[in-house]
Each structure stands twice: as structure tokens, then as C-alpha cells.
Amino acid sequence: MIEVINLHKSFKTKQSSLEILKGLSFKVEKGQIIAITGHSGSGKSTLLGLLSGLDKPSSGQVLYNQKDIFSMPFKEQNIFRAQNVSLIFQNYYLIPHLTAVENVMLPLQILKLKNAEKEARFLLDEVGLSHRLDHYPGELSGGECQRVAIARGLVTKPLVLLADEPTGSLDSETGEKVMSLYFQLVRKHNLTSVIVTHNEELAAKCDHELKLHQGIIHS
Amino acid sequence: MKFILSYSLKKFWRKKIQILTTSFFLCLGFWGWLLSESTQTSIKQRLENNARKILSADLTIDVRREFTNEELILFKQEVQDKGVISESYEFFAMMTTSTESRLVQVRVIDDLYPFYGTIKLEQGQSIQQLKGPEIWAYSEFKDLMNLKINEKVKLGSAELNVSDFITEDQTQTFRLASLAPRIFIHIDNLKKTELIQFGSTFSSIQLVKLNPDIDVIQLSDQLKKVLKDPGIDVTTYKSLPDDLSGPTQRLSDFLGLTSLVSLLFCSLSLFYLLQIWSSEQQKEKAALAVFGMPTYHIQLIEFIQSILIAILSTALSTLLVIISTPVVESSIREWFATDFTFVVTFKEVSIILVCQFILLGVLTFPYERSNSPLSRLIKDEMISNQKGIKFFLPLLLLIWPFAIFASRSWKNGSFFFLAILSICSALILIGWLLLKILKAYHWKNWMMSYATKSLSRQTTASWAFIVTVGVCSALLNLMPQIQSSLQSMMSLDQNKSTPSIFMFDIQQEQYENVLSFLKDRKIEPQATSPLIRGRILKINNLPFEREEKTGTFVTREEENEAQIKNRSINLTYRNKFQSGDKIVEGETFSLTYDKSQKYPYISIEKSYAERLELSIDDVLTFDVQGIEVQGQIKNIREVRWSRFEPNFFILFQDGILNEAPQTHLAALPALDSKQKSELMKSISQKFANVSLIDVERLIRDIVQNLNRVSGALKLMTSLSFITGLLALIFLLSSESLRRAQEVHLLKILGSQINQILKTRIAEVFLLSSISLIIGLGASYIISYFIVDQIFKVGYSPVFSTAVQITGIVLFIGLFIVKVMTTSSYKKNSFVFLKKEE
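Just so we're clear, the structure is a prediction, and the values are computed from it rather than from any experiment. (Residues numbered from 1 in each chain as written. Chains lettered and ligands numbered in written order. Predicted model: local features only at pLDDT ≥ 70, side-chain atom pairs only at ≥ 80, totals over all residues. Heavy atoms only, no water.)

Turning next to the overall build of chain B. A tally of helices and strands in chain B yields 23 helices and 21 strands. The buried share among the 837 residues of chain B stands at 58%. The long-range share in chain B, meaning contacts at least 24 apart out of those at least 6 apart in sequence, stands at 83%. For chain B, the exposed area adds up to about 36100 Å²; of that, 58% sits on carbon and sulfur atoms. (Helix = DSSP H or I, 4+ residues; strand = E, 2+ residues; numbered from the N terminus. Buried < 20%, exposed > 50% of the residue type's maximum accessible area, 1.4 Å probe, protein only. Contact = heavy atoms within 4.5 Å. Areas by Shrake-Rupley, 256 points an atom, 1.4 Å probe, with all protein chains shown as cover.)

Written as C-alpha cells, this is what we have:
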């Protein structure tokens, strides 16, 4: 499903070049949930940025079903990501002036897919927010916001769901509830998921854990 | 305290870019203000410093006739123990040489003149040496009339010898357009000239040099009490000479208004800049609070910061003013055709410092009260998430005192404030309606739907945009409208019907002779008018008395009214209205008096009627050479003075003033220069007392001087225009930065750049259009009132500026949105959003 081959990423500083990822290679099979853990600054988020195609590697490849996303033209890569890869952030990043249902509808509207409202309502129902459809993000709790973000991530029926510290802004109890829902939905829709987390308990619930240390994976 | 100070200084040093940018905008706004203030102060100071020289005395009294014996006795009783008195006259007359003739300003002086100021002569003589049948002429006459030392000239009936040329005359004040250069003659020669006759236009002047211990203001007040005739002007060196009038005075008012508008624009720019930085600032303050720093310590840090920024920007403003001094000095020298030294006083700099500090406080105050420290750390709030328009209120309220201060007038300042308030109210009201409509309408296209939801649900941000763009476009268009009207007021309708020569002081007994003299030369006067000198005694039987305004805060309107009330007035009668007359109020009437009428009818010029608050059917009682004459106002007419047709403020029906002592005025048609020169010479030889004005030369001089003033208007308008555009750029940039997160989210969700651009362009276009329509519409209404009520000139709107402003605002808006959105889109969205966390 996802194949990472010899992935390097370095940043230029004033004095020298700082290598964050030092030739990573790993595979994630369809339906697998992988956790990427590591200390701060180990390169976890950089890796997730590369997996989403939003960042470019210094060298190496990321293949989705044998297709290298970095070899695609920008526009094609953008459409590919929108259709196949969804992202969930620690800070949810919902559009503040759209209601819960409008936030979930938005990816479908952008991709000009039909039945946007029906699909959005269905997914919000699945995440247990059918009573909060017309509420704005400012009127929802952190856990509810993250559930809207999960529904938004699922609505386009992507191949892969990437999550960056999804429980980072939530208390442990809410975080546990949200992630339990997350696992349930990912399994139900047979999705592949990569979760970047500090949370060892969360990582333990995943199918596989990749430990990132000084830019190298220790599985 | 040591920690607070060290923290503040460290912060000040480490936030160099932000501090310098803030200081730059404060500096830019206050530079315009300081420049305007300093220019006005410099002009005032220069005039005050030179007032003694210009007056040639500590105090003068003057009247446009001979003083009566009774008046002279009263005057001398008040003054005799307090100083020395000198006598003088001033009038215009024709001076003729063997080949040329020209209108000259004649100053008749005695042995004591001048008490102050020097008159430098080419041969190095002293003015007190002027004795015998001789004149001293301005050196310009050497070129103008090819005049030479010891040449004989004729002035009225006297033949005088040119004994020296004047190279510098400190007793001559600067004027935008002086009718003619000066000559000096001794008072002993005045009688020989026979120029002062009944009906002649001249000023009698009594000059006083006071003993050092005498209070000149007190004496002036006393003289005003004893000399009842309002036609007698009492002037002291402490009262500003009357030369700051007309275009110069309006330019001064315009300068104040422009600097205020520029300051407002800079404040708006700063307002949006502070918003861009507010998130970081809030978090820092919140962190300090969470770590236990008492609120008053945090406020103290803010206070020290504001003081440091205010000091820095005041220093920069002052430096900028000092650097620009040579340019300003040379421009003002050119505009006013005078020596000018630019002065920046400590008082002005201190006021600017305080104002900057207040402005900074007002701009940052709303954020101080927004959230609790902890919520500031968690939330990343900007204006869009705030409710209400409270963010604009402190700035809006601050405009009021600033406007009063800048315009030095409660009336004008309050008018300006109310105008801004009205524009804001109209913009908020119509903006509110627009947002309601947008909210109710359901778009099928997701991009339009997204754009309208974004506008109608982030109401404060939308209102902020509408108000800022609306106010900016209104003010951007306001200045050109005022400028156009002022320039139009100053432009002259030169055409074939413009007269070439004015003849005045034609005595009644000379009138027929002058006409036949012209007829012999096949010249038909364009117009002739009788001229009767009078003074208003009563309005509706209530006495019309001398009006003196005292105190430092006097509006322009009050000054004008006081001046007009204290002057005698030229009356005329005519049997038909002229082409330049436009009746704007009341009825047209036969200009031939019918004895069955209760009162003779009179027509009043519009601005004169407004200044004296006269209205239709008011009965005026005039003193015409000691006889009371009454007239009832039947209409008010507008006169196009720039046509240079002889016209008068007060026009009587034919048949009332015909027997009154009078002189005549004639306007001669266009003539070629040779014909004109010969005619002027022969008229002054045949009718020595008749004064001639070369209208063409006068128009040329006025146009030249007004063009200089137009340059000043353009420069000031450009300054406010540039600062206005800067405000717009910062508003749009701040708005685009605020929306950057949305751009990245939409990108992650699969939006193409074109789709995002379409939504942003739709938003900016919609808001800008509504703001432009309201703002530009309001600018025409407000400029009409400012031009009509404050500047008191005719309104000449220009519509091309509105089209240009619409184009510029839309172009800038769409350009910034495109550039900033595209730039955001190209960035790494993942890294951006991670940084935001």
C-alpha cells in the first residue's frame, strides 16, 4: 500500500545542513495501522509531511500502490492527495465560520462529488455528532472538534488516514474515547493509517510501531 | 522595577523590526502633521516677528477716507503721552513718464516714517532724507518703465523727480498678488498731486511708536472703544496682519485637514499591523501573567514600550522634518513668494510625542481587555473572532480632539469628526444589510457559497473591511474634490470678453468727458458702474456695530464676519442684471425704482449675505455720505468674480442713489498691447486722477501665484493619497495573513489555487464594491458641505477621481489577494499548520 524507499530530508541552516531523516525505508500494508513514535525533534512530523506529499524529500520515494507521489505534477498530486490521503491534526483545524456538517461537506464539494450533505450527515452520525450538525467549531468541545475532523477525514473515502498527534490537545479520557472511535472507523472502512504520537499507550494499540530516533527507524 | 525596566528595554531591542515598523507608521502620520503644524506656526511666527516692520509701528489706525477732526482729537488724547505719532496715506494712482504709464501703489510718508523696519535704497540714502519734489520707486520700475535716476515723472498733477530706487522694503508685507509696485512720496507733495479728492479710494493711516512700558493691546482696545466707526481699523504688531486671507488661509486650513487625513490613514495601517502581531504579543503577556507577574507590572512594561516607541517615532518624525526642511522652505518660498525660515518648536515636538503615546494606547487598548491570560495562551484569536466593533471605537473617538486640534476650530474639527462618524455609520448599516442578504441567499456553487458564508459569519472582520475601505475611499476622494473646488475658485475665466483695463475714481463731472474721450478712440466700455461709498448702519432697524473677536480660538467664519462688519462698502445701482449674475434666492425685480414701493429693492451677493446672515426681505439702513438710505433685500445672487466683470456686493434699483455723491468705474474691452499702452498713457495724461488697472497683467500675476498654491495643494493631496493607499495595503495584507491558515486547509482538502482565488476575489470584490459605492458617494456629500460651509467657495466636483480610486482600490485589493494567496498556497502547508499549533 505505502512504500517508503530510502527517504532523506535535510534542512539548510545558516552554518550547515541539518539532516532530519537519514534514509528511511519501510512498508505499510493495506488495512494496517502504524504508529510512529519518537522524541521531540526526531523527525516524526517531518515524515508525516512527506507521507502526505505536502513536503518534498531531499531524496527518496514514497509510493502509494506503486505510484511515486513526488513524480506527479503538482496539480495531479493535489488531486491524488485529496482523493486518497486524509489528514487529522492535533489542533483539528476546522474552518471556524462553517458548521460541523459544512466542514465535513467541504472536501466533497471541492472534489465536486455528489450527495455531499447526505454523506456528511451520515459520517457525523457515525462519530456520534448527529445532534451537533449545525454547531460552529467554537461551540464544540475539543473532543467533538476532533470527531468532526475524523468525519471530515473519512468523508472522501480515502485510502490512507494520516494523523498527527490526534490526542495532543485532549485530556486522556477524551483522547481515549476519540481514538477508540478512530480505530473502530478505520477498521470498519478498511483504511490504512499512520499515526504520529508521543502516547505509548496509543502506539501499543496500533498494529505496528516504528520508533524514530535521530532520523533512523528502529522497529 | 529594575527587572521591569530591563525586560522592557530587552524587548524593545529584540523586537527591532516590529518597533521600527510601528515607529515608521507613527512617524509617517505625524511627519505630515508636524510638517503642517510647523508650516503654519512658521508662517505665523514670521508674520508676528515682522509685524512691527510691516506696520512700521507698534500700532496703527487706518480708515478709507480722511480722519475727521473729532476722531483725530480722540486718538491723540489716548496716545499723546504714550508715544510718537506719524501720519501716512496709501492709494493707487497712475505714474507717467515721457514714454510709459503704469499703476503704482503710492505710500505718502512724513519725516518720522518708518518707526520700524528698514527701506534700503540703491544710493545708500536714508528714507528720512526724502524731501522736496521727489519720489523713491521700487527698483522693478527700472525694467517695467525703463525708469532712471533723476527722470521726471508725473503723479496726478505733480511733476516729481526720481531720486533713488528701493532695493528692499521691510514695510511691505508679502502678498499673493499685489496690484502694483510701490513708490514713496513725502506728505508735503501730496496736495500738489491732487490725487486725493472726493470719492477717491485711499487709506489714511496714523502710526504710533509706543513707549516701552505701554500695553499695546490695552491701548488698542481703548481706541476701538473711542473710535466708534467700524470702518476704522486698529492694528497692533501683536495682531496678525490680514494677509493670511483668501487662498493662503484656505491653503492653511487644507493643510491641517490633509495632515489629519494622512494621520488617520497611518493609524489605520498601524491598527492592522498591530493586529498581525497581536497574537504573539498576547501570548507573551499571557505567559508573563501565568508565571505570576502582577497585571500592573505587565501594563507597566506596555507603558514603557509605548513611551519608547513614541520617543523613537517622534525623534524620527522630527528628523524627517529637519531633513525635509530645505525642500519645504524652498517650496513655501516659491508658493508664497517670500523669505521663509522653517521652525520646529519644542512645543510642537512635545505635543506630537504626547499624541503619539495616546494614539498607541488607543490602538492597543482593546486587546488588553480581550481574554483571560490562560485563554490567550490556548486560543489564537484575531479580530474576526471578536464580537462587535469596539476595536474601532477608541480610534474613532480620538479623531474628534485631534480634528479640533489640527483645524484649530471646534466647528471645523467637529464637522470633520461627524463626517467620519456618518460615513462609518452608513457603512456599518449598509454592510449589516448586505451581510444579512448574503446570509439568506443559498448559492449552488460551493466557492460562492463559501465566500458568502465567510463574509456573513465573520461579521466583525467584514465590517472592519467595509469601514476601512469605505473610509479610505471616501477620504481619498475627499481631498481631490476640495482641491478641485479650491482650484476652480482660484481659476480665472479668461476669454475674449475679459476686460483689458479697469478705470476707477472717474469723478462725476469727468464721466461724460471720459466716455467721449473713449468714443473718439473708437473704444466702447464693456461696462460702467457708478460707485457710491456707504456703510451699513442698521439691519431691520437694529444697530450694526463694530465687532471685535478676542481670544485665541476664533473660527475662520468669525474672523471673516468680523472683518466684513468693520468695513465700509461700495454700493452701486443699475437698471439690469449682468450676465455674471445668477439669482439663487428670492425674486428677480425691475431694477428701476417705483415710488409706490415701501422700500427700494436691493440685490445682495450670496457670500456677503451668508457672512452677515442676511435674508430675503431684511431691511438695511446705509450711511451714504451722512444721509441714511434704506433698502429691502429682494434677491440674493451668485457672482462669478473670476470673470473680472465689475460687480458689487450690494446692488440698488436705479433711481435711489443717482443723486448721491459718486465716482464711476469702467471696464474697457480687449486691446492689443500697443493700443493698451498708448491708451493708458493718454488717459493718465488727460485724467490724472483716474486710476487704471492693467487687468491682463493682474490676471497673469494672480494665475502665476495661484499656480504655486495649486502645487502645494497637489503635494498635500498626494501625501494623503499615498498614506491612504498604504492603509489599504496593510488592511488587505493583514486580512490575507489572517486567512493564510484557511488557504492551507483548503489546499490540504484538495482545492486548486484557482478555486481558492475565486473565493477570495469574490469576497474582496463584493466588500470593496459596496465600500466604494458608499465611501465615494459620501465623499461627494461631505466635500460639498466642506467646500460650501467651511471654505465658502463654489463646489466643482470631479468624477474622474472616483473612477480612478475605484480602479486603484480594486486593483490593489485583487493584486494583494492574488499575490498573498498564491504565495501562501505555494508554501509547505504541513509545516505552516505545525507552526500554528
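Tallying the contact residues gives 30 residues for chain A and 26 residues for chain B. Scanning the region where chain A abuts chain B turns up nine residue pairs in polar contact (both at pLDDT 80 or more). Within the residue set of the side of chain A that touches chain B, elements represented by two or more residues are α1 (44–52), α2 (74–84) and α3 (100–110) of chain A. The greatest single-element share of the side of chain A that touches chain B, amounting to six residues, is contributed by α2 of chain A. Across the side of chain A that touches chain B, the residue classes break down as 15 nonpolar, eight polar and seven charged. (Polar contact = N/O pair within 3.5 Å; in protein donor to acceptor, adjacent residues only side chain to side chain. Nonpolar A, V, L, I, M, F, W, Y, C, P; charged D, E, K, R; others polar.)

A ring pair, where both rings are aromatic, is described by two values, the distance of the centres and the angle of the planes. Scanning the entire structure with this criterion turns up 17 aromatic pairs over all chains. Look at Y64 of chain A and F80 of chain A: their rings are 5.7 Å apart centre to centre, the planes differ by 70°, and that puts the pair in the edge-to-face class. Residue Y64 of chain A is found in strand β4 (residues 59–64), and its partner F80 of chain A is found in helix α2; the two are separated by 16 residues along the sequence. Assessed through its relative accessible area of 1%, Y64 of chain A is described here as buried. Classification of F80 of chain A by relative accessible area gives buried; the value is 12%. The interplanar angle of 85° and the centroid separation of 5.4 Å between the aromatic rings of Y784 of chain B and Y795 of chain B together place this pair among those described as edge-to-face. (Phe/Tyr/Trp six-rings, centres within 6.5 Å; stacked < 30°, edge-to-face > 60°.)

Quick look at the sheet that holds strand β2 (residues 17–28) of chain A now. Residues and elements named next belong to chain A. With antiparallel pairing, four strands are arranged side by side in an open sheet as β2-β1-β4-β5. Looking at which strands have only one partner, the edges of the open sheet turn out to be β2 and β5 (67–68). Pairing of β4 with β5 involves two bridges; the strand directions are antiparallel. Paired with Y64 across the bridge in β5 is K67. Running at roughly 120° to strand β1 (residues 2–12), α1 makes contact with β1, β2 and β4 of the sheet. (Pairing = 2+ DSSP bridges. Axes fitted to C-alpha atoms, helices over the stretch in contact; angles between N-to-C directions.)

All names here are of chain B. By the element assignment, L731 lies in helix α19 (residues 695–738). Here the alpha-carbon distance between L731 and A464, two residues 267 residues apart in the chain, equals 9.1 Å. Residues contacting L731, with those up to four places away along its chain left out, are Y272, F465, T468 and V469.

So, on to the nonpolar core. F30, F416 and L475 of chain B are the most contacted members of the largest nonpolar core, which has 89 residues in total. No other element matches the 15 residues that helix α14 (residues 459–490) of chain B contributes to this core. Counting only domains with at least three residues in this core, you end up with domain 1 (1–53 + 252–408) and domain 3 (410–494 + 705–837) of chain B. Setting aside chain neighbours within four positions, we find F416 of chain B in contact with L257, L260, V261, I399, A403 and L475 of chain B. Of all hydrophobic cores here, the second largest spans 48 residues; its members include M1, V85 and L106 of chain A together with L833 of chain B. (Core = buried A, V, L, I, M, F, W, Y, C linked by side-chain atoms within 4.5 Å. Domains from an automatic or database assignment.)

All names here are of chain B. Scanning the model with the defined rule gives 17 salt bridges over all chains in all. A salt bridge links E742 to R739, with the shortest nitrogen-to-oxygen separation between them at 2.9 Å. Comparing E742 with R739 shows no difference in burial state: the two are buried. (Salt bridge = Lys/Arg side-chain N within 4 Å of Asp/Glu carboxyl O.)

The next subject is the packing of α3 of chain A against helix α5 (residues 142–154) of chain A. All names here are of chain A. Viewed as axis vectors pointing N to C, α3 and α5 meet at an angle of 25°, and their least axial separation amounts to 8 Å. As judged from the angle between their axes, α3 and α5 are roughly parallel. In the crossing of α3 with α5, the sense of the turn from one axis to the other is right-handed. Contact residues: A100, N103, V104 and P107 in α3; V148, A151 and R152 in α5. Of the residues that constitute the contact of α3 with α5, the class distribution is five nonpolar, one polar and one charged. (Parallel < 35°, antiparallel > 145°, perpendicular 65-115°, else oblique. Left-handed = near helix turned anticlockwise from the far one by under 90°.)

These figures come from the coordinates and say nothing about function on their own.
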